[in-house]
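Analysis of the macromolecular model
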Amino acid sequence: MSTSPGSSNPEYVTTRVRSRRSVLFSDEDYRKLIRMGPSEIARFMEESEYEREINALGARHSGVDLIEYALNRNLAKHFNDLLDWADGRLYDLIARYLRKFDAWNVKTVLRGIYSDADREEVETDLIRAGEMDERLLDRLLDAGSIEEVIDLLDRTIFADPLRGALEEYEESGVLVPLENAVDRVFYEQLLSDLPGGEANQTYREFLEAEIDFRNARNALRLARSGADVDPSEYYIAGGQLFGASQLSAIGGNVEELVATIRDSTYGDDLDSALDEFEEADSLISFERALDVALLEYSDRLGFIHPLSVAPVISYILAKEREVDNIRAIARGREAGLSEEEIEEELVIL
């Protein structure tokens with residue numbers, strides 16, 4: 001597929017994306033699934049557009065494992081289709097955003113080595129929807145050390161930042177420096193050299209919001225944990241809500257963090273979630289509200305700029321929401337959670 005900065009084909013791609021979006025599960029579907037056990041969920045999926053994956057994997061897997069593998073394979077198929085459909089500049093913008101799954105996979109492999117997890121356990125959590133091919137992912141799964149993983153990533157954007165963070169990781173004994181290096185370079189390449197024009201300026205604002213929400217989430221998690229860690233160590237540049245020094249100054253103070261978010265451009269969207277966060281002393285509802293706000297923001301962008309990358313990004317987030325919700329329901333049912341507890345884990349608009 002051409003990746004030259006020349007011709008793009010947004011009309012064709014957005015038409016295909018609208019068709020795919022029309023078959024995503026509804027909030028009513030999630031409420032049905034909450035009442036089902038894992039085998040019933042798999043049967044429900046078999047009668048949907050997950051039929052091919054459930055049938056292909058059903059002989060080797062069952063229960064939650066079958067659901068997990070089917071979800072990840074289906075997600076990868078849909079996102080690889082986006083790259084097959086797109087040309088030129090549009091291809092480049094989509095490919096850059098889909099590197100979030102490369103970042104996810106690198107962090108998953110690093111966590112697996114750090115915790116000495118089984119290869120199969122790590123493989124289940126991989127999402128093969130980025131640019132890394134099957135051969136590289138399999139070699140990463142077989143790696144025996146952090147250093148070997150970094151060497152295998154030599155031709156990717158992640159190798160140099162990981163090498164730069166290696167000494168800090170070895171001194172601290174925690175994965176945070178390595179995971180931050182992966183996240184930072186992903187967002188850095190996402191924002192670099194964006195083409196001009198109103199649609200891409202709006203897309204930049206969406207990416208900035210995604211970075212702001214990531215920083216807000218990390219800062220509030222740290223503040224709630226009481227850990228003696230400078231929040232700026234988790235800071236990702238590129239957003240508008242916090243600077244690194246500001247985050248460092250107020251990061252441990254929950255009240256100041258909440259006030260900063262309330263006074264920002266996101267205040268109206270997150271107002272009720274912040275109320276709930278302060279009253280319930282729980283991050284779950286606030287983090288779900290961030291996810292909902294980002295989904296609604298991307299939907300608005302797709303509506304305002306229908307012939308740009310915006311509807312594609314909106315679809316990517318909506319498809320991720322579907323997969324995350326089904327996975328949360330299946331895992332919740334397996335763990336014996338109540339319907340109310342499972343519903344709290346879901347992102348429902």
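The text that follows walks through the structure, step by step, so that each part is easy to find. In this text, all values refer to a predicted model and were calculated from it rather than measured experimentally. (Residues numbered from 1 in each chain as written. Predicted model: local features only at pLDDT ≥ 70, side-chain atom pairs only at ≥ 80, totals over all residues. Heavy atoms only, no water.)

Concerning the overall build of the protein chain
- Counting its regular elements, the protein chain contains 18 helices and zero strands.
- Taken against the 2.2 N^0.38 rule, which gives 20 Å for 349 residues, the C-alpha radius of gyration of the protein chain at 20 Å falls within 12% of a compact globule.
- The 349 residues of the protein chain split such that 53% are buried.
- Counted over contacts in the protein chain with a minimum sequence separation of 6, partners at least 24 positions apart contribute 66%.
- Carbon and sulfur atoms make up 44% of the accessible area of the protein chain, which totals about 16,300 Å².
- Charge-centre separation for the protein chain: the mean point of 38 positive side chains lies 6 Å from the mean point of 74 negative side chains. (Helix = DSSP H or I, 4+ residues; strand = E, 2+ residues; numbered from the N terminus. Rg over C-alpha atoms; globule rule 2.2 N^0.38 Å. Buried < 20%, exposed > 50% of the residue type's maximum accessible area, 1.4 Å probe, protein only. Contact = heavy atoms within 4.5 Å. Areas by Shrake-Rupley, 256 points an atom, 1.4 Å probe, with all protein chains shown as cover. Lys, Arg positive; Asp, Glu negative; His and termini not counted. Charge placed at Lys NZ, Arg CZ, Asp CG, Glu CD.)

Re the environment of Phe186
- Within the secondary structure, Phe186 sits in helix H11 (residues 176–191).
- Look at Phe186 and you get buried, because its relative accessible area is 3%.
- In this structure, the C-alpha to C-alpha distance between Phe186 and Gly63, residues 123 residues apart in sequence, is 34 Å.
- When near neighbours in sequence (up to four residues on either side) are disregarded, Phe186 contacts Arg96, Tyr97, Arg99, Lys100, Ala103 and Ile157.

Things to note about the packing of helix H12 (residues 198–225) against helix H16 (residues 283–304)
- Where H12 meets H16, the closest approach of the two axes is 10 Å, and the angle between their N-to-C directions is 180°. The angle between H12 and H16 falls in the class roughly antiparallel. Taking contact as the criterion, the partners of Thr202, Tyr203, Glu205, Phe206, Ala209, Glu210, Phe213, Arg217, Leu220, Arg221 and Arg224 in H12 are, on H16, Leu283, Phe286, Glu287, Leu290, Asp291, Ala293, Leu294, Tyr297, Ser298 and Leu301.
- By residue class, the composition of the contact of H12 with H16 is twelve nonpolar, two polar and seven charged. (Axes fitted to C-alpha atoms, helices over the stretch in contact; angles between N-to-C directions. Parallel < 35°, antiparallel > 145°, perpendicular 65-115°, else oblique. Nonpolar A, V, L, I, M, F, W, Y, C, P; charged D, E, K, R; others polar.)

Quick notes on the layout of surface pockets
- One number sums up the size of the largest pocket: a volume of about 1,800 Å³.
- For the largest pocket, the lining is made up of 49 residues, of which Trp104, Arg214, Arg217, Arg221 and Asp324 are closest to its centre.
- Mapped onto the lining of the largest pocket, the elements with two or more residues apiece are helix H5 (63–85), helix H6 (88–114), helix H7 (119–125), H11, H12, H16 and helix H17 (310–334).
- The leading source of residues in the lining of the largest pocket is H17, at nine residues.
- Of the residues assigned to the lining of the largest pocket, the class counts are 20 nonpolar, eight polar and 21 charged.
- In this structure, the second largest pocket occupies an estimated 330 Å³ of space.
- What lines the second largest pocket is a set of 13 residues, among which Leu57, Tyr69, Arg73, Glu123 and Arg128 lie closest to the centre.
- Put simply, the parts of the chain that give the lining of the second largest pocket at least two residues each are H5 and H7.
- For the lining of the second largest pocket, the element with the highest residue contribution is H5, accounting for four residues.
- Looking at the lining of the second largest pocket residue by residue, the classes come out as four nonpolar, three polar and six charged. (1 Å grid on protein atoms, 1.4 Å probe; cavity = no way out; pocket = protein on both sides within 12 Å on 5 of 7 lines; lining within 4 Å. Points joined across faces, edges and corners; volume = space filled by probe spheres on them.)

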